[in-house]
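Architecture at a glance
Here are the chains, one letter per residue:
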Amino acid sequence: MSETQGEYLCLHEFVKAAKRKLNGNIWDYLVGATETETTLKRNRLAIDSVALRPRVLNNVEKVDTSVEFLGHRIALPVILAPVGSLESFHPEGGAAVARGAGEFGVPYMLSSVSQPGLEETAQAGKGPKIFQLYVRGDRAWSDAIAERAIAAGYDAFCITVDTAHYSRRERDIAKRFVKTWRAANTGMEWQAALSWADIAHFKAKHKIPLILKGIGTAEDALIALDHGVEFVYVSNHGGRQLDGGRGSLDVVPEVVEALSGRAKVIVDGSFSRGTDLVKALALGADYVGLGRLYLYGLAAEGSAGVHRVLELLQDETIRALGLTGVTEFAGLQRGHIHMNAPMVTLPHVHSAFPLIGEGY
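Rules and cut-offs
Residues numbered from 1 in each chain as written. Predicted model: local features only at pLDDT ≥ 70, side-chain atom pairs only at ≥ 80, totals over all residues. Heavy atoms only, no water. Helix = DSSP H or I, 4+ residues; strand = E, 2+ residues; numbered from the N terminus. Buried < 20%, exposed > 50% of the residue type's maximum accessible area, 1.4 Å probe, protein only. Areas by Shrake-Rupley, 256 points an atom, 1.4 Å probe, with all protein chains shown as cover. Pairing = 2+ DSSP bridges. Right-handed = clockwise from strand over helix to strand, strands pointing away. Axes fitted to C-alpha atoms, helices over the stretch in contact; angles between N-to-C directions. Parallel < 35°, antiparallel > 145°, perpendicular 65-115°, else oblique. Contact = heavy atoms within 4.5 Å. Nonpolar A, V, L, I, M, F, W, Y, C, P; charged D, E, K, R; others polar.

What to know about the overall build of the chain
Along the backbone of the chain there are 14 helices and 12 strands. Seen through its C-alpha atoms, the chain measures out along the principal axes to roughly 60 × 45 × 40 Å. Put simply, the chain has 360 residues, and 55% of those count as buried. When the accessible surface of the chain is summed, it comes to about 15200 Å², and 52% of that surface belongs to carbon and sulfur atoms.

See below:
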């Protein structure tokens with residue numbers, strides 16, 4: 001049970017608290033995306049256009065939200081996604097996230113551009129952990145980081161593959177705001193030159209499960225599978241990279257069909273409620289990445305806020321599974337899903353929380 005249980009009773013209360021505590025530039029970094037922010041909105045559109053088909057008169061007195069992840073039993077099928085400069089949201093940065101995730105019982109991914117760094121963050125938490133890399137050097141440079149991650153006990157390694165060019169984030173440009181961590185970030189030419197040959201090299205050299213984050217098509221999912229990748233991570237970087245793309249959940253069915261269970265599927269992109277998790281797993285995803293959602297908790301209350309966000313999400317999920325008519329995620333089927341449902345809310349970064357707009 002988190003320290004903030006009595007203070008926060010709804011997820012949207014964390015959104016409001018985070019906005020109060022963050023300066024305007026960091027708030028825009030949290031909620032913003034690229035250019036017209038179309039991809040960001042389509043992430044939410046994709047989720048909201050899926051409706052649930054509940055089944056009744058099943059015994060759902062006891063609902064279990066836990067699933068397996070690399071030999072661990074985790075409390076929810078979620079992974080806290082990698083975010084750059086976690087220290088911008090809370091002074092303890094990745095260490096606070098590691099503690100909150102570990103105490104609740106879900107994995108986290110540490111970004112290579114977040115502090116306090118690989119080893120220190122690993123020591124701060126317990127439970128499963130993943131290290132995510134932005135490539136900023138040659139193969140020897142990447143190999144050295146992978147070896148450090150293995151030595152520090154990370155359960156898997158993630159390479160982000162959708163950042164060959166840094167996007168135009170116009171909230172920052174219009175205010176002439178240059179992120180300090182972005183200004184200090186050199187070597188992006190190595191990310192632009194990254195190829196499948198580098199993935200083959202990694203798999204041949206390192207004995208750690210590999211995740212490729214930023215897959216957006218069945219075609220690339222199959223190439224990843226051919227290279228021995230264990231996890232295909234469907235993501236458009238929260239709408240922060242290519243504008244005009246598809247919503248992440250719209251991509252999941254074709255990736256799941258192509259992989260046919262031969263690799264695990266992670267998806268992120270605007271997942272904010274317990275019903276969102278049910279939809280993603282009913283469509284065949286194995287895990288859901290959370291980004292902005294846990295950052296609201298981090299900004300508001302540090303590790304206790306991360307923990308409480310996950311508690312509230314689990315409570316929503318228990319009710320969503322039970323009302324759908326199943327007692328665990330393994331009971332979900334495509335028959336629980338209705339596609340192309342009419343929209344009732346205009347998609348927006350916070351459209352999952354309409355009460356904010358009503359002043360609650």
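After presenting the structure, the write-up continues.
Side note on the pairing of strand β9 (residues 231-234)
Across the two faces of β9 the burial is the same, with F231 and Y233 and V232 and V234 all buried. Looking at chain direction, strand β8 (residues 210-215) and β9 are connected through four bridges and run parallel. Residue pairing across strands places K213 opposite Y233, the latter belonging to β9. Chirality of the crossover, the property in question, places the unit of β8, helix α11 (residues 218-226) and β9 among those that are right-handed. Examined bridge by bridge, β9 and strand β10 (residues 264-268) share four bridges and lie parallel to one another. Looking across to β10, one finds that V232 is bridged to V265. Tracing the backbone out of β9, into helix α12 (residues 248-259) and back to the parallel element β10 gives a crossover that is right-handed.

Notes on the pairing of strand β7 (residues 156-160)
With five of its five residues buried, β7 lies for the most part within the structure. Of the two faces of β7, both are covered, the one formed by A156, C158 and T160 as well as the one formed by F157 and I159. Examined bridge by bridge, strand β6 (residues 129-133) and β7 share four bridges and lie parallel to one another. When the sheet's bridge partners are listed, I130 is paired in β7 with A156. For the crossover from β6 across helix α6 (residues 139-151) to β7, the handedness is right-handed. Alignment of β7 against β8, held across four bridges, turns out to be parallel. What sits directly across from I159, in β8, is L212.

Things to note about unusual backbone geometry
With omega at 15°, the peptide bond leading from Q115 into P116 counts as cis. A positive phi angle, close to 50°, is found at E35, a residue other than glycine. In this fold, E35 is placed in the loop between α2 (24-31) and α3 (38-48). Exposure remark for E35: the relative accessible area of 40% places this residue in the partly exposed category. We note that H237 has phi near 65°; this positive angle belongs to a residue other than glycine. Looking at the element boundaries, H237 is found in the loop between β9 and α12.

Some points on the packing of helix α1 (residues 11-21) against helix α14 (residues 292-324)
It is at 9 Å that the axes of α1 and α14 come closest, and there the two elements cross at 175°. What the angle tells us is that α1 and α14 run roughly antiparallel. Together, L11, F14, V15, A17, A18 and K21 of α1 and L293, Y296, G297, A299, A300, E301, G305, R308, V309, L312, L313 and E316 of α14 make up the contact between the two elements. Residues of the contact of α1 with α14, tallied by class, amount to 12 nonpolar, two polar and four charged.

Remarks on the environment of V255
Tracing the sequence through the fold places V255 in helix α12. The buried category is assigned to V255, whose relative accessible area is 0%. Taking C-alpha positions, V255 is 33 Å from A299, a pair spaced 44 residues apart along the chain. Excluding residues that lie within four positions of it along the chain, V255 makes contacts with T217, A218, A221, V232, V234 and V265.

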